[in-house]
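Residues per chain are reported as follows:
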Amino acid sequence: MLKKALESVISEKESEELISAFDQIGDVIIVRIPDSLLSKKKIIGETLLKEVKIAKSVFYQASAVEGDFRTRNLEILAGEDNTETEYKEFGCRFVVDVENAFFSPRLSTERERIANLVEDGEIVTNMFAGVGMFSIMTAKKKKCTVYSIDINPIASKLCEKNIQLNKLAGNVISVNGDAAKIVSEKLIGKSDRTLMLLPERSDEFLESAISATKSGGIIHYYSHIHADKKTDAGKLSEEHYLKVTPVKSEILGSKIVRPVGPRYYQTVVDVKITK
Ligand SMILES: C[S@@+](CC[C@H](N)C(=O)[O-])C[C@H]1O[C@@H](n2cnc3c(N)ncnc32)[C@H](O)[C@@H]1O
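About the cut-offs
- Residues numbered from 1 in each chain as written.
- Predicted model: local features only at pLDDT ≥ 70, side-chain atom pairs only at ≥ 80, totals over all residues.
- Heavy atoms only, no water.
- Helix = DSSP H or I, 4+ residues; strand = E, 2+ residues; numbered from the N terminus.
- Buried < 20%, exposed > 50% of the residue type's maximum accessible area, 1.4 Å probe, protein only.
- Contact = heavy atoms within 4.5 Å.
- Disulfide = S-S within 2.5 Å.
- Salt bridge = Lys/Arg side-chain N within 4 Å of Asp/Glu carboxyl O.
- Core = buried A, V, L, I, M, F, W, Y, C linked by side-chain atoms within 4.5 Å.
- Domains from an automatic or database assignment.
- Near = heavy atom within 4 Å.
- Polar contact = N/O pair within 3.5 Å; in protein donor to acceptor, adjacent residues only side chain to side chain.
- Areas by Shrake-Rupley, 256 points an atom, 1.4 Å probe, with all protein chains shown as cover.
- Nonpolar A, V, L, I, M, F, W, Y, C, P; charged D, E, K, R; others polar.
- Axes fitted to C-alpha atoms, helices over the stretch in contact; angles between N-to-C directions.
- Parallel < 35°, antiparallel > 145°, perpendicular 65-115°, else oblique.
- Left-handed = near helix turned anticlockwise from the far one by under 90°.

**What about the environment of K142?**
Consideration 1: Residue placement: K142 occurs in the loop between α5 (133-141) and β8 (145-150).
Consideration 2: Given a relative accessible area of 17%, K142 falls into the buried group.
Consideration 3: A sequence separation of 119 residues divides K142 from G261, and the C-alpha atoms of the two residues are 34 Å apart.
Consideration 4: Setting aside anything within four residues of it in sequence, one finds K142 in contact with A115, N116, L117, V118 and D120.

In structure tokens:
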């Protein structure tokens, strides 16, 4: 239906491309528009707002996800200029700000995978936690304690709000600051499991992740890997991890989390470390 509606404004092929580059988060739509269609961005926004009944705002993503906070610039195309919305995933409620704190609906399968791996009683350190998506989903599913660290004060504030919304006070602890500093000050040797969801900078923070993790604990090491063949991406990221790690590591598995560019993948390697 959406495709049909857009076809009154752009061609069939263009509308297919646009729909594949479109995210709906609560009542907000974010659309990436190729340069060739920028002159039609307002009408595209208005058409989307009219067709997607629950949408209150349509934004054009005017920059890539960038900077230390991994945020993006959004430009309002139609509807309310409000970047805060409520999003639901696997029975949890989240307030997110799609412009001022990192958020991606495209990581939901990985969030569910991690929540299923965690065991009751674990202490988890989520080094780059954003608004607490992984932390909250995990703590909702298992009786664990999650330290949910982020350097972006807006992300940490939203994480606090989300802890209250999901009644997880005491199970998820939102900490604002640099993960390396917080680990060295408060969390050395504390965690059974450490999440490193800042794939561009995993190598830089690997020593901190190792120092946060107990001997015998698990690290989820995310990275961006170039692979000519998609089926090689997991293996290549395992090899990369083994090349850079300073500790004895048993690889438990690896996989592609999502494609991030042509022949470029976000991957995760699960490792058990021994110190
Ligand atoms: C790719 S996002 C992941 C967010 C979250 N795990 C999620 O999936 O929604 C990376 C996050 O790391 C945070 N960040 C960047 N540098 C950091 C640092 N040195 N210490 C703690 N957090 C940091 C950013 O603010 C951003 O929210």
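Back to the write-up after that little detour.
**Topic: the state of the cysteines**
One way to say it: the disulfide is the covalent bond shared by the sulfur atoms of two cysteines.
Consideration 1: Taken as a whole and judged by the stated rule, the model has zero disulfides.
Consideration 2: Free cysteine C144: the closest other cysteine sulfur is in C92, separated by 11 Å.

**Here we look at the pattern of salt bridges**
Consideration 1: According to the stated counting rule, one finds 19 salt bridges in the structure shown.
Consideration 2: We note a salt bridge from D23 to R106, for which the minimum N-O separation is 3.0 Å. Taken together, the residues D23 in strand β1 (residues 22-25) and R106 in the loop between β6 (92-97) and α4 (108-117) connect sequence positions 83 residues apart.
Consideration 3: Accessibility expressed as a relative area gives 39% for R106, which makes it partly exposed.
Consideration 4: In this structure, D192 engages K214 in a salt bridge whose closest nitrogen and oxygen atoms are separated by 3.1 Å. One end of the pair, D192, is in strand β10 (residues 191-196); the other, K214, is in strand β11 (residues 213-226), with 22 residues separating them in the sequence.

**Remarks on the nonpolar core**
Consideration 1: Formed by 36 residues in total, the largest nonpolar core has its most connected members in F94 and Y222.
Consideration 2: Elements with a minimum of two residues in this core: β2 (28-31), β6, α5 and α6 (153-165).
Consideration 3: Of all the elements, α5 adds the most residues to this core, at five residues.
Consideration 4: Split by domain, this core shows at least three residues from each of two domains, domain 1 (2-82) and domain 2 (100-274).
Consideration 5: When sequence neighbours within four positions are dropped, the list of residues in contact with F94 reads T85, E86, Y87, E89, G132, M133, I136, M137, N162 and L165.
Consideration 6: If you look at the next biggest cluster of nonpolar residues, it comprises 21 residues, including A179, F205, L206 and Y221.

**Here we look at the site of the ligand**
Consideration 1: Near the ligand you find 22 residues, and of these D68, F128, D150, D178 and A179 are the closest.
Consideration 2: F128 is positioned such that a nitrogen or oxygen atom in its backbone is 2.8 Å from a nitrogen atom of the ligand.
Consideration 3: Take I151: an N or O atom from its main chain is 3.2 Å from a nitrogen atom of the ligand.
Consideration 4: Protein chains bury 98% of the 600 Å² of accessible surface belonging to the ligand in isolation.
Consideration 5: Tallied by class, the residues present in the shell around the ligand amount to 13 nonpolar, three polar and six charged.
Consideration 6: Both of domain 1 (2-82) and domain 2 (100-274) provide at least three residues apiece to the shell around the ligand.

**Notes on the packing of helix α7 (residues 179-187) against helix α8 (residues 202-212)**
Consideration 1: α8 packs onto α7 with a crossing angle of 25 degrees between their chain directions and a minimal axis gap of 9 Å. Viewed along their axes, α7 and α8 adopt a mutual orientation that is roughly parallel. The interaxial crossing formed by α7 with α8 has left-handed handedness. When α7 is examined against α8, the residues A180, V183 and L187 are found in contact with a partner set consisting of F205, S208, S211 and A212.
Consideration 2: For the contact of α7 with α8, a count of residues per class yields five nonpolar, two polar and no charged.

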